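If you want the building blocks of each chain, they are given just below.
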Protein chains: 2
Amino acid sequence: MDQQRLERVIQALRSHRLDGLALMPDANLAYLSGLSFHPGKRLTLVLIPAAGGPPCCVIPALEHGRAEAAARIPMRYFAWGDAEGPTAALAAAVAAALGPDARGRTLAVEHTAMRVMELRALEAAIPGLQTRDATPLLAALRMVKDAEELAAIERAVQIVETALQHTIAQIRVGMTERALSRIVSEAIIVAGGEGESFENIVASGPNAANPHHSNSERALQPGDLVIIDCGARYGGYISDITRTVAVGEPGPEARQIYDLVLRANAAGRAAARPGASGAAIDAAARAVITQGGYGPYFIHRTGHGFGLETHEPPNIVAGNDEPLRPGTTFTVEPGIYLPGVTGVRIEDDVVITADGARSLTTFGRELRIVGG
Amino acid sequence: MDQQRLERVIQALRSHRLDGLALMPDANLAYLSGLSFHPGKRLTLVLIPAAGGPPCCVIPALEHGRAEAAARIPMRYFAWGDAEGPTAALAAAVAAALGPDARGRTLAVEHTAMRVMELRALEAAIPGLQTRDATPLLAALRMVKDAEELAAIERAVQIVETALQHTIAQIRVGMTERALSRIVSEAIIVAGGEGESFENIVASGPNAANPHHSNSERALQPGDLVIIDCGARYGGYISDITRTVAVGEPGPEARQIYDLVLRANAAGRAAARPGASGAAIDAAARAVITQGGYGPYFIHRTGHGFGLETHEPPNIVAGNDEPLRPGTTFTVEPGIYLPGVTGVRIEDDVVITADGARSLTTFGRELRIVGG
């Protein structure tokens, strides 16, 4: 499996006339090699030569054993210790991957993962280095999920739904956002998650008007809407769900925007099918809200791809006209945000199927009135 | 306070003849402005002009409200929406920070935080841009902690000690590393932590020979040593502790290396005082292990600074000859790792005082025999 993924990368590098790919320790590397670790401040990268041959891994000595044991594909390792530093190991890896004279070569690098530290180290090792953004190439490779990946995602979805069910049942007037957030975090672990896919968002009352609210000590009040946005990690893959609940009876405008967002969510999902674009799905969801008179208050894209990472291509947004293929997973999450007042978001995880789309999220979407 | 920190940055920029500083949304930005968020895939950065005037913040529209509410210093905001993209906002921010003709200017950028995405965007906005690594300049600024910072760190230390005490009391033969890891995570929250400072490490039996072990489904066995490395976050600041415990009676070599590491830890702490260098502290700890015959098995530096981040300067390692100043916080964490057999690490959080050093960590260091 992983060797096939590597072969597809090499073919893509060749078709783009690139000499190689420099990968950070991130989701792309995990996808290709099974290696999973967080980038620290010690130089760690993998060079994949377009010419073929094993990837060359520059790695701190103290990570070497674990990496070699965990890798699912053959790699050459160039380990370095804290005392010597990474320069010689990187030079040896460059020579092994690109040949003795690497001057002026062109590498694909991940613009949203590689840091200036790694770029400058590569520039020092490869005089005249040219770079291209590897993100689109790798995203195209990872966008369509295989059966094994979808199974992990479905489990991650089930886990977060179990956790959310548990959480919503605990909601009471007077609880703080942070207290509710802790319940979410713990419930995801208890339900079998390897962790959260991101720091959950619990946004209550006027805080719900901020799509990226930081959980606060605000206590829930009767009449609040509460947006809960959370996700679980399972088998390396993630889920991402948002539900908005009402603490006691909400006001009439809250009900009105809830119904609009609910219909926008349904319209977005209904527009999803093979060949539809992210732009078309966004337009379908957005039209409902615009026609309802709240267009200016839907201030973000309708959704985003997900898989090994919480945010992956495809963007479900105007301008993304690429036709979606079966196996592509993404969120549909329209929202309305009334500054200083309240907000609503309803988010599902969707997969394009052979003849349409399926919501992996099955959690009820009707407005729940809780703990009032 | 934060305005003073900003003034110190501006002075440092001027003394290094830099035109400005470009900050990612990270710990340095939090230190200067109180703004705290994770870098996503939407361009977010703050330009601090060496000429003075308010920092210029390029920010996705949906983060704008939260940032402006949270910032503790005056800033100018250049918000951009998903439909338009960040190019115009960045150009306006560059003009505001550096003047209408920014060609050939030199910015300090954070080599371990800024990504190629931000660098390429800045290069496009500033033809002929020169960059320098801002990390040493900012590290020098943040290395010495003030009383408020030390108070947050002390609380983070207390929290993780409470959590570790609880965790160690739960250890039983047959528990898996992952089960124990979950106990640590939950106990840190229960004890009042805002979260973990890093994914905790529970490394048992032969896994303890890997300093960066990934927690596994391995079940604890009688005679195992178990390394538990964990930390709590409080008030934005972190703690970091490691203790090694024995599940039932350990073998004679395990006892022997434990005693060596214990003595190395004490020697490292004893060498810490104003004017001592990271190299001197490393040498003091390492000498004990080398003289004990296990030098080749102490395969990492003796410690690292910490504060807003888990890994900050100073490095407690050969080659770092900079004298430490009172208020500097760092770990002392010698270890011995016998591949395929076992390992020991004992880690404390230390602060340089006016006339010596103090271990903020007070958790007992003697070998505990538990759950056998």
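Residues numbered from 1 in each chain as written. Chains lettered and ligands numbered in written order. Predicted model: local features only at pLDDT ≥ 70, side-chain atom pairs only at ≥ 80, totals over all residues. Heavy atoms only, no water.

### Topic: the relation of the copies chain B and chain A
Of the transformation superimposing chain B on chain A, the axial component is 0.0 Å and the angular component is 180 degrees, with the fit at an RMSD of 0.1 Å. Overall, the copies show the geometry of a two-fold rotation axis. Using C-alpha coordinates, one finds that chain B approaches the rotation axis most closely at Arg115 of chain B, a distance of 2.0 Å. (Least-squares fit on C-alpha atoms with pLDDT ≥ 70 in both.)

### Quick look at the side chain of Asp26 of chain A
Residues and elements named next belong to chain A. Inspection of the secondary structure puts Asp26 in the loop between strand 1 (20-23) and helix 2 (27-33). One buried charged residue, Asp26, forms no salt bridge at all, with the nearest opposite charge on Arg142 at 6.0 Å. Of note is the side chain of Asp26, whose polar atom sits 3.1 Å from the backbone nitrogen of Asn28. The residues touching Asp26, leaving out its near neighbours within four places in the chain, are Leu35, Glu110 and Ala113. (Helix = DSSP H or I, 4+ residues; strand = E, 2+ residues; numbered from the N terminus. Buried < 20%, exposed > 50% of the residue type's maximum accessible area, 1.4 Å probe, protein only. Lys, Arg positive; Asp, Glu negative; His and termini not counted. Salt bridge = Lys/Arg side-chain N within 4 Å of Asp/Glu carboxyl O. Polar contact = N/O pair within 3.5 Å; in protein donor to acceptor, adjacent residues only side chain to side chain. Contact = heavy atoms within 4.5 Å.)

### Details of the interface of chain B and chain A
Contact residues are listed per partner, giving 32 residues for chain B and 32 residues for chain A. Carbon and sulfur atoms make up 54% of the area that chain B and chain A hide from each other, which totals about 3100 Å². Taken together, chain B and chain A are joined by 2 salt bridges. The salt bridge partner of Glu309 of chain A is Lys41 of chain B, with a shortest N-O separation of 3.8 Å. At the boundary of chain B with chain A, the tally comes to 16 residue pairs in polar contact (both at pLDDT 80 or more). Listing elements by their share of the side of chain B that touches chain A, those giving two or more residues are helix 3 (61-70), helix 5 (116-125) and helix 8 (177-190) of chain B. Broken down by element, the residue count for the side of chain B that touches chain A peaks at 4 residues, all from helix 5 of chain B. Considered class by class, the residues forming the side of chain B that touches chain A number 10 nonpolar, 10 polar and 12 charged. (Buried area = accessible area lost by both parts, 1.4 Å probe. Nonpolar A, V, L, I, M, F, W, Y, C, P; charged D, E, K, R; others polar.)

### Examining the packing of helix 1 (residues 2-15) of chain A against helix 6 (residues 135-143) of chain A
Residue and element names in this part refer to chain A. Close contact between helix 1 and helix 6 brings their axes to 11 Å; oriented N to C, the two are set at 140 degrees. Between helix 1 and helix 6, the angle falls in the class oblique. Every pair of crossing elements has a handedness; the one defined by helix 1 and helix 6 is right-handed. For the pair formed by helix 1 and helix 6, the contact residues are Arg5, Arg8, Val9, Ala12 and Leu13 on the first element and Leu137, Leu138 and Leu141 on the second. Residue composition of the contact of helix 1 with helix 6, grouped by class: 6 nonpolar, no polar and 2 charged. (Axes fitted to C-alpha atoms, helices over the stretch in contact; angles between N-to-C directions. Parallel < 35°, antiparallel > 145°, perpendicular 65-115°, else oblique. Left-handed = near helix turned anticlockwise from the far one by under 90°.)

### Here we look at the state of the cysteines
Overall, the coordinates contain 0 disulfides over all chains when judged by the stated rule. You can see Cys56 of chain A has no disulfide; the closest cysteine sulfur is in Cys57 of chain A, sitting 9.0 Å from it. (Disulfide = S-S within 2.5 Å.)

### Quick look at the nonpolar core
Counting 52 residues, the largest nonpolar core has Leu47, Leu107 and Leu122 of chain A together with Leu47, Leu107 and Leu122 of chain B as the members making the most contacts within it. Setting aside its immediate chain neighbours within four residues, Leu47 of chain A contacts Leu21, Ala22, Pro55, Cys56, Ala93, Val94, Ala97, Leu107 and Leu122 of chain A. (Core = buried A, V, L, I, M, F, W, Y, C linked by side-chain atoms within 4.5 Å.)

### Points about the packing of helix 7 (residues 147-170) of chain A against helix 8 (residues 177-190) of chain A
All names here are of chain A. Look at helix 7 against helix 8: their axes get within 8 Å of each other, and the N-to-C directions meet at 145 degrees. For the pair helix 7 and helix 8, the crossing hand works out as right-handed. Residues Ile159, Val160, Ala163, His166, Thr167 and Gln170 of helix 7 pack against Leu180, Ile183, Val184, Ala187 and Ile188 of helix 8. Looking at the contact of helix 7 with helix 8, its residues break down into 8 nonpolar, 3 polar and no charged.

### Notes on helix 4 (residues 87-98) of chain A
Residue and element names in this part refer to chain A. With 12 residues, helix 4 should cover 16 Å at 1.5 Å per step; its first-to-last C-alpha distance of 16 Å lies within 8% of that length. For helix 4, every residue scored as buried is listed here: Ala89, Leu90, Ala93, Val94, Ala97 and Leu98. What you see down the axis of helix 4 is that its buried residues fit within an arc of 135 degrees, all on one side. Looking at the buried residues of helix 4, the elements they touch are strand 2 (45-49), strand 3 (56-60), strand 4 (76-80), strand 5 (106-109) and helix 5 (116-125). Phi for Gly99, located one or two positions after helix 4, is positive at around 95 degrees. (Expected span 1.5 Å × (residues − 1). Arc of directions from axis to C-beta.)

What is shown is where atoms sit, not what they do.
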